[in-house]
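Descriptive analysis of the structure
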Amino acid sequence: MLETASRASEHEAAGCEPDGRVRRRRFALNPCDYLYYAHDRLMVARGQIGNVTLMLMDVEGEIDPARVRAALRRMYCEHPVAAARVRTSLVSGRPRWVLPKAPASLADSAYCYDDLSGASDWLGEMWRRCERRYAEPCDLHAGPLTRIDYYAGPNGQGRVCLRWPHALMDAEGAQWFLAELARMDRAPGPAALPAALRPDGMGLDPLGGASFGTRFRLFRKAFRVHRDYGKVQRVRLDSAPPEPSRALGLRLRVFEADEVERIQSNAKAKCPAGKGIYARYLAGCVIRALHRLYLARGLETESYLVTLPQSVRPAGPRPVHGNYLVAATLCGRRALIEDSHMFGADLKAQLERFESEGMAEANWALIWMAGLMRTWQYRILLGLPIGLEPYASGFSYYGEIDPPIREFCGARVTNLWGATPLSAPPGWNPAFSRFDRRLNFTLTWIRGYVSDALAEEFARTIEQEALEPQSR
């Protein structure tokens, strides 16, 4: 009884009905969402790809296209933020999500079905179509922002592709979006939200309501570290002049269970035991791959900076939408890379300092402070040399939600993986994600800034580093 009353009061405070439906039609982007939004606007203005992300499901079993469309209509009714658009407040100058008045009516424009069952190379054709659609500009000011493409292949095979602007949600949220879409198919009538989810608009504060003074002290700490990283020398791998474009390059490698065991064995042999050992090992593989590419080209640099997104989401339920990420910067010191044990110990020490010194909260305070600016001011800040750290590469590693997605609209889900390009520089982004006993590895790059040949070499070198035990 008390729990029900508490839940109802939470909904009321968030502007929601007791059943979880949002009553307000406008609410603010959280600080991380705002960062992605401002960066997206800057990159698009420069002619680059915006911050648009992909999550793909491989399925086995025939799916009625109308079934997916019907589920999406219900999804937009239950989670209207998925069909929202962005508007900038005339008073604050900051962006807001604006929910549609009739969200279900937008589902048809957000859904595309391609029957490739007769294609001789259906996956190749699927990629070509996916790349063309990805290259189409994503207008954040015109909803819906989520798009579902269903590619039906031969013999019951298929692939479902979710596209969305990163400002809307992170990889965890995207998995919950797909899980909710599957739930809408199974339960077409009104149903309570899963215990793991909050209603749209019920955002989270990773700083737990800390005072402005506390946030400012955390901001200053993060800003000092950010400024120091900004002094790191930038060295390009590709000698061609940068010509950022909207063309996406993507490569997928699926490590099966026996290969995953080899990777885990290598990690235990070369990395100090402790929290995040596999993420640390794979981040080290990315840095060593960069090192090998630099050596092969006779390029000198003291260190390689790689970003590692970290979740700062408080424990408990979350809304589908929203990003709750900060970037831990891993510094691969060239002097240590040749000794894998010392290198592994150094990466562990960096992450331990990040946690013990409260840098996750400090970085959230940094983007919270930046989020007080008007949109045009934010874009100017990001365009300055101090606005972005000189990363040599992106990197991410994440797992599945609980419960994991194993069924979708009557078909069996055989794999689930995501990919996000990173703006130039560095223009490429390796990502690892777990699915059951598999490990997915994707590399995305911006064509015209990174050559296909260099990207392929980078991907192959990362795979070699991950699978081959190091003799050093």
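First, a word on scope: everything that follows refers to the structure included in this document. (Residues numbered from 1 in each chain as written. Predicted model: local features only at pLDDT ≥ 70, side-chain atom pairs only at ≥ 80, totals over all residues. Heavy atoms only, no water.)

1. What to know about the sheet that holds strand β14 (residues 428-435)
- Read from one edge to the other, the open sheet built from four strands follows the order β8-β15-β14-β11, with strand pairing classed as mixed. Whereas interior strands pair on both sides, the edge strands pair on one side only; in this sheet they are β8 (248-255) and β11 (396-398). Shown here is a sheet whose adjacent strand axes are inclined to one another by a mean of 15 degrees, direction ignored.
- With eight bridges joining them, β8 and strand β15 (residues 438-446) adopt antiparallel strand pairing. Paired with Gly249 across the strands is Trp445, a residue of β15.
- Against the sheet, helix α8 (residues 277-296) touches β11, β14 and β15, its axis set at about 150 degrees to β14. (Pairing = 2+ DSSP bridges. Helix = DSSP H or I, 4+ residues; strand = E, 2+ residues; numbered from the N terminus. Axes fitted to C-alpha atoms, helices over the stretch in contact; angles between N-to-C directions. Contact = heavy atoms within 4.5 Å.)

2. Notes on the side chain of Asp33
- Residue placement: Asp33 occurs in helix α2 (residues 31-45).
- The buried charged residue Asp33 lacks any salt bridge partner; its closest oppositely charged side chain belongs to Arg318, at an N-O distance of 7.5 Å.
- Dropping the residues within four chain positions of it, Asp33 is found in contact with Trp97, Ala167, Gly322 and Asn323. (Buried < 20%, exposed > 50% of the residue type's maximum accessible area, 1.4 Å probe, protein only. Lys, Arg positive; Asp, Glu negative; His and termini not counted. Salt bridge = Lys/Arg side-chain N within 4 Å of Asp/Glu carboxyl O.)

3. Thoughts on the sheet that holds strand β5 (residues 111-115)
- Reading across from one edge, β5-β6-β7-β2-β13-β12 is the order of the six strands in this open sheet, with mixed pairing throughout. Among the strands making up the open sheet, the edge pair consists of β5 and β12 (407-408).
- Two elements, strand β2 (residues 52-60) and strand β13 (residues 411-419), share seven bridges in a ladder whose sense is antiparallel. Counted as the bridge partner of Met57 is Leu416 from β13.
- Set on the sheet, helix α4 (residues 122-135) makes contact with β2, β5, β6 (147-152), β7 (157-165) and β13; between it and β7 the angle comes to about 15 degrees.

4. Thoughts on the packing of aromatic side chains
- Throughout the structure, instances matching the rule amount to twelve aromatic pairs.
- Centre to centre, the rings of Tyr324 and Trp364 are 6.1 Å apart; their planes meet at 10 degrees, and the pair counts as stacked. Here Trp364 lies in helix α11 (residues 359-370) and Tyr324 lies in the loop between β9 (303-311) and β10 (325-333), a separation of 40 residues in the sequence.
- Judged by its relative accessible area of 1%, Trp364 is buried.
- Put simply, the rings of Phe212, Phe216, Phe219, Phe223 and Trp368 touch in pairs and so form one group of aromatic residues. (Phe/Tyr/Trp six-rings, centres within 6.5 Å; stacked < 30°, edge-to-face > 60°.)

5. Brief notes about the pattern of salt bridges
- Evaluation of the coordinates by the stated rule reveals 33 salt bridges.
- Several salt bridges converge on common partners, so that one network encompasses Asp114, Glu125, Arg128, Arg129 and Arg133.

6. Digging into the environment of Leu99
- Relative to the assigned elements, Leu99 resides in the loop between β4 (95-98) and β5.
- Separated by 23 residues in the primary sequence, Leu99 and Tyr76 place their C-alpha atoms 9.9 Å from one another.

All quantities given are derived from atomic positions and should not be read as evidence of function.
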